[in-house]
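# What the coordinates show
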Amino acid sequence: MDLWNKAIPTLQEYWGFDSFRPAQEAVIKELLHSKSAIGILPTGGGKSLCYQVPGLIIEGMTLVVSPLISLIDDQVDSLRSKGISAIALHSRLTQKEYFVEIDNIINGKYLFVYVSPEKLLSEHFISILESL
């Protein structure tokens, strides 16, 4: 089955929209056809849907890297409000909370994992990603 056929039903189920904006559609189609894509959209242009919809359709975890902790928290809260499992790994977590969440990630609890760019400098975190 063409994964694109799942895109509109996913959009409708979680966001209540009947169609994508043209730029969103082009990016999502590329991602669902196992290709890389770069989406350059204006502020408020719906960039998040460009990875969230494919992240719900394609099997596995989606790693999202964002430099703004407040944006990360907003995105995680929004996904959770829709019943979608997501976690933010950033400096506001205690060390104990961080390791609990790492175990949860390893055990497949989350569909979306949001991190700040500096997390990609952590050898421990990179080794976790490589093991997944």
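Structure's up top.
Residues numbered from 1 in each chain as written. Predicted model: local features only at pLDDT ≥ 70, side-chain atom pairs only at ≥ 80, totals over all residues. Heavy atoms only, no water.

Burial analysis of helix α3 (residues 47-57) places eight of its 11 residues in the buried class, which makes it a mostly covered element. Along α3, the positions that sit buried rather than exposed are Leu 49, Cys 50, Gln 52, Val 53, Pro 54, Gly 55, Leu 56 and Ile 57. Looking at the buried side of α3, the elements it contacts are α1 (7-15), α2 (22-32), β1 (62-65), α4 (69-81) and β3 (112-115). (Buried < 20%, exposed > 50% of the residue type's maximum accessible area, 1.4 Å probe, protein only. Helix = DSSP H or I, 4+ residues; strand = E, 2+ residues; numbered from the N terminus. Contact = heavy atoms within 4.5 Å.)

A few words now on the packing of aromatic side chains. Aromatic ring pairs are reported here in terms of the distance separating the ring centres and the angle at which the planes meet. All told, the structure shown has four aromatic pairs when counted by the stated rule. With a centroid separation of 5.7 Å and an interplanar angle of 40 degrees, the aromatic rings of Trp 4 and Phe 20 are classed as tilted. With Trp 4 in the segment before α1 and Phe 20 in the loop between α1 and α2, the pair connects residues that are 16 residues apart, well separated along the chain. What makes Phe 20 buried here is its relative accessible area of 7%. With 5.2 Å between their ring centres and 75 degrees between their planes, Tyr 98 and Phe 99 make a pair best called edge-to-face. With a relative accessible area of 36%, Phe 99 lands in the partly exposed category. (Phe/Tyr/Trp six-rings, centres within 6.5 Å; stacked < 30°, edge-to-face > 60°.)

Moving on to the pairing of β3. Each regular strand displays side chains that alternate between the two surfaces of the sheet. Covered by surrounding structure in β3 are Phe 112 and Tyr 114 together with Val 113 and Val 115, the residues of both alternating faces. Here β1 pairs with β3 via four bridges, running parallel. Within β3, the residue paired with Val 65 across the bridge is Val 115. For strand β2 (residues 86-89) and β3, the ladder comprises four bridges, and the chain directions are parallel. Counterpart to Ala 86 in the pairing with β3 is Phe 112. What joins β2 to β3 is helix α5 (residues 95-106), and the crossover it makes is right-handed. (Pairing = 2+ DSSP bridges. Right-handed = clockwise from strand over helix to strand, strands pointing away.)

Here the focus is the packing of α5 against helix α6 (residues 123-131). The geometry of α5 relative to α6 is characterised by a closest axis approach of 10 Å and an angle of 15 degrees between their N-to-C directions. On the basis of the axis angle, α5 is roughly parallel to α6. For the element pair α5 and α6, the recorded crossing hand is right-handed. Taking contact as the criterion, the partners of Tyr 98, Phe 99, Ile 102 and Ile 106 in α5 are, on α6, His 124, Phe 125 and Ile 128. A class-by-class count of the residues in the contact of α5 with α6 yields six nonpolar, one polar and no charged. (Axes fitted to C-alpha atoms, helices over the stretch in contact; angles between N-to-C directions. Parallel < 35°, antiparallel > 145°, perpendicular 65-115°, else oblique. Left-handed = near helix turned anticlockwise from the far one by under 90°. Nonpolar A, V, L, I, M, F, W, Y, C, P; charged D, E, K, R; others polar.)

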